[in-house]
Amino acid sequence: MSTAVGHEIAEALGVLLKRSNRARLYQHLTEGLGEAVDEVTYPVLSGLARSGPRSAADLAEEIGLDRSGVTRRATRLEEAGLLRREPDPADRRATLLTLTESGRQAIATTRDRLAVRIETSVGSWGPGEAESFARRLREFAGSSLFQDL
């Protein structure tokens, strides 16, 4: 394989990972879910949904924010009843952030919206192409490129 393919993939990943693109997508996904759920707080909810209960520091590392940013966003989400703080059973001095049922419902809504948007965007692809893309993308995301980081 030539490096041209690597460059093409890298360029596409750059577009996907661009902060402004993510923010616009999160804005669409969170529309109408209440004042606390927006493009700023969505990464906290989504990160907790992926990883389960976490400390603010651990979640910050997971989602690429600093601890104080996670704490501020978590406070907004807690006030809205979407997450709660609980003592860490492994260390009673520490606190874990965990989704409430309302938080899990908000995430389910955003994930359904995202799935619809994705399926719409690949709707014109030929038979089996979307399924093949999904399988190959999952393989790529699980590859050593991302495991070694």
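Our structure is the block above this text.
This report concerns the structure included in the present document. (Residues numbered from 1 in each chain as written. Predicted model: local features only at pLDDT ≥ 70, side-chain atom pairs only at ≥ 80, totals over all residues. Heavy atoms only, no water.)

## As for the overall build of the protein
Thinking step 1. Looking only at helices and strands, one finds eight helices and two strands in the protein.
Thinking step 2. Listing the helices and strands of the protein from first to last along the sequence gives α-α-α-α-α-β-β-α-α-α.
Thinking step 3. For the protein, the spread of C-alpha atoms along the three principal axes comes to 55 × 35 × 25 Å.
Thinking step 4. Considering the protein as a whole, with its 149 residues, one finds that 25% of them fall into the buried category.
Thinking step 5. Considering only residue pairs separated by 6 or more positions, the protein has 46% of its internal contacts joining residues 24 or more positions apart.
Thinking step 6. Within the structure as shown, the protein displays about 10,100 Å² of accessible surface, and the carbon and sulfur contribution to it stands at 53%.
Thinking step 7. Averaged over its 21 positive side-chain charges, the protein has a centre that lies 2 Å from the centre of its 22 negative ones. (Helix = DSSP H or I, 4+ residues; strand = E, 2+ residues; numbered from the N terminus. Buried < 20%, exposed > 50% of the residue type's maximum accessible area, 1.4 Å probe, protein only. Contact = heavy atoms within 4.5 Å. Areas by Shrake-Rupley, 256 points an atom, 1.4 Å probe, with all protein chains shown as cover. Lys, Arg positive; Asp, Glu negative; His and termini not counted. Charge placed at Lys NZ, Arg CZ, Asp CG, Glu CD.)

## Details of the packing of helix H4 (residues 56-63) against helix H5 (residues 67-79)
Thinking step 1. It is at 8 Å that the axes of H4 and H5 come closest, and there the two elements cross at 105 degrees. With respect to their mutual orientation, H4 and H5 come out roughly perpendicular. Residues Ala56, Ala57, Leu59, Ala60 and Ile63 of H4 form the contact with H5, whose own contacting residues are Arg67, Val70 and Thr71.
Thinking step 2. Residues belonging to the contact of H4 with H5 are distributed by class as follows: six nonpolar, one polar and one charged. (Axes fitted to C-alpha atoms, helices over the stretch in contact; angles between N-to-C directions. Parallel < 35°, antiparallel > 145°, perpendicular 65-115°, else oblique. Nonpolar A, V, L, I, M, F, W, Y, C, P; charged D, E, K, R; others polar.)

## Description of the packing of aromatic side chains
Thinking step 1. Enumeration over the complete set of coordinates arrives at two aromatic pairs.
Thinking step 2. Considering the side-chain rings of Trp125 and Phe133, the 5.4 Å spacing of their centres and the 80 degrees angle between planes classify their relative orientation as edge-to-face.
Thinking step 3. The exposure class assigned to Trp125 is partly exposed, which follows from its relative accessible area of 35%. (Phe/Tyr/Trp six-rings, centres within 6.5 Å; stacked < 30°, edge-to-face > 60°.)

## Points about helix H6 (residues 101-121)
Thinking step 1. The end-to-end C-alpha distance of H6 is 30 Å, a good match for the 30 Å that 21 residues give at a rise of 1.5 Å each.
Thinking step 2. Among the structural elements, helix H2 (19-30), helix H3 (42-51) and strand S2 (91-99) are those in contact with the buried residues of H6. (Expected span 1.5 Å × (residues − 1).)

## So, the environment of Leu83
Thinking step 1. Examined against the element boundaries, Leu83 turns out to sit in strand S1 (residues 83-88).
Thinking step 2. C-alpha of Leu83 to C-alpha of Leu25: the two residues are 58 residues apart in sequence and 22 Å apart in space.
Thinking step 3. Setting aside chain neighbours within four positions, we find Leu83 in contact with Val44, Leu48, Ala74, Leu77, Glu78, Leu97, Thr98, Leu99 and Thr100.

## Some thoughts on the side chain of Ser55
Thinking step 1. The topology assignment puts Ser55 in the loop between H3 and H4.
Thinking step 2. Within the local environment of Ser55, its side chain forms a polar contact with the backbone nitrogen of Asp58, the two atoms lying 3.0 Å apart.
Thinking step 3. Beyond its immediate sequence surroundings of up to four residues, Ser55 is in contact with Thr95 and Leu96. (Polar contact = N/O pair within 3.5 Å; in protein donor to acceptor, adjacent residues only side chain to side chain.)

## Quick notes on the layout of surface pockets
Thinking step 1. For the largest pocket, the calculated volume is near 1,800 Å³.
Thinking step 2. Lining the largest pocket are 40 residues, with Leu16, Leu17, Arg22, Leu25 and Leu114 sitting closest to its centre.
Thinking step 3. Listing elements by their share of the lining of the largest pocket, those giving two or more residues are helix H1 (3-17), H2, H3, H4, H6 and helix H7 (129-141).
Thinking step 4. Counting residues per element, the lining of the largest pocket draws most heavily on H2, at eight residues.
Thinking step 5. Looking at the lining of the largest pocket residue by residue, the class counts come to 25 nonpolar, five polar and 10 charged.
Thinking step 6. Empty space within the second largest pocket amounts to approximately 290 Å³.
Thinking step 7. Forming the walls of the second largest pocket are Val5, Glu8, Ile9, Ala12, Leu13, Leu16, Phe133, Arg136, Leu137 and Phe140.
Thinking step 8. Breaking the lining of the second largest pocket down by element, the ones donating at least two residues are H1 and H7.
Thinking step 9. Sort the elements by how many residues they give to the lining of the second largest pocket and H1 lands first, with six residues.
Thinking step 10. Taken together, the residues of the lining of the second largest pocket sort by class into eight nonpolar, no polar and two charged. (1 Å grid on protein atoms, 1.4 Å probe; cavity = no way out; pocket = protein on both sides within 12 Å on 5 of 7 lines; lining within 4 Å. Points joined across faces, edges and corners; volume = space filled by probe spheres on them.)

Purely geometric stuff here, so don't read any function into it on its own.
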